[in-house]
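# Results of the structural survey
Here is how the chains run, residue by residue.
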Amino acid sequence: RVGVVGGGCSGYSYALDFSEKCDEEDVSLDFDGLLVHIDPHSAQILNGVEIDYIETLQRKGFVFNNPNAKTTCGCGSSFS
């Protein structure tokens, strides 16, 4: 599951979670066999977002590229 929750220093934070089921109203996307479920509210906010996984000497983990974010915090985990 991918979503957004209120919080963080910029207003919203990204949420990732593993789930074997989805809610009836979820938006479900299939990326080469990887099913991603997004609740309807988060789907509107995440429209156009790219999610990538990086491994560098300084950082390892998921990175969100959100072209719609007006501001982001220094660590990139929250936005508005």
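Scroll up to find the structure.
Residues numbered from 1 in each chain as written. Predicted model: local features only at pLDDT ≥ 70, side-chain atom pairs only at ≥ 80, totals over all residues. Heavy atoms only, no water.

### What to know about the overall build of the protein chain
- A count of helices and strands for the protein chain gives one helix and seven strands.
- Within the protein chain, the proportion of its 80 residues that are buried is 25%.
- Considering only contacts in the protein chain between residues 6 or more positions apart, those separated by 24 or more positions represent 38%. (Helix = DSSP H or I, 4+ residues; strand = E, 2+ residues; numbered from the N terminus. Buried < 20%, exposed > 50% of the residue type's maximum accessible area, 1.4 Å probe, protein only. Contact = heavy atoms within 4.5 Å.)

### Digging into the packing of aromatic side chains
- The final tally for this structure, using the stated rule, is two aromatic pairs.
- Centre to centre, the rings of Tyr14 and Phe64 are 4.0 Å apart; their planes meet at 5°, and the pair counts as stacked. Of this pair, Tyr14 sits in strand E2 (residues 12–16) while Phe64 sits in strand E6 (residues 60–65), placing them 50 residues apart in sequence. Each member of the pair, Tyr14 as well as Phe64, is classed as buried.
- Taking the centre distance of 5.2 Å and the plane angle of 75° together, the rings of Tyr53 and Phe62 count as edge-to-face. (Phe/Tyr/Trp six-rings, centres within 6.5 Å; stacked < 30°, edge-to-face > 60°.)

### Some points on a nonpolar patch on the surface
- Taken together, Leu16, Ile51, Tyr53 and Phe62 make up a surface patch of nonpolar side chains, about 380 Å² in accessible area.
- Looking at the element boundaries, Ile51 is found in strand E5 (residues 50–55). (Patch = residues over 30% accessible without salt bridge, like charges linked within 9 Å, V, L, I, M, F, W, Y side chains within 5 Å. Areas by Shrake-Rupley, 256 points an atom, 1.4 Å probe, with all protein chains shown as cover. Salt bridge = Lys/Arg side-chain N within 4 Å of Asp/Glu carboxyl O.)

### Notes on the side chain of His37
- In this fold, His37 is placed in strand E4 (residues 34–38).
- A relative accessible area of 10% places His37 in the buried class.
- Polar side-chain contacts of His37 include one of 2.8 Å to the side chain of Ser28.
- Beyond its immediate chain neighbours, meaning those up to four positions away, His37 contacts Arg1, Val2, Lys21, Cys22, Asp26, Val27 and Ser28. (Polar contact = N/O pair within 3.5 Å; in protein donor to acceptor, adjacent residues only side chain to side chain.)

### Section: the pattern of salt bridges
- Per the stated rule, a full pass over the model turns up one salt bridge.
- Among the ionic pairs, Asp26 bridges to Arg1, the shortest N-O distance being 2.5 Å. Residue Asp26 is located in the loop between E2 and strand E3 (27–31), and its partner Arg1 is located in the segment before strand E1 (2–6); the two are separated by 25 residues in the primary sequence.
- For Asp26, a relative accessible area of 11% gives the class buried.

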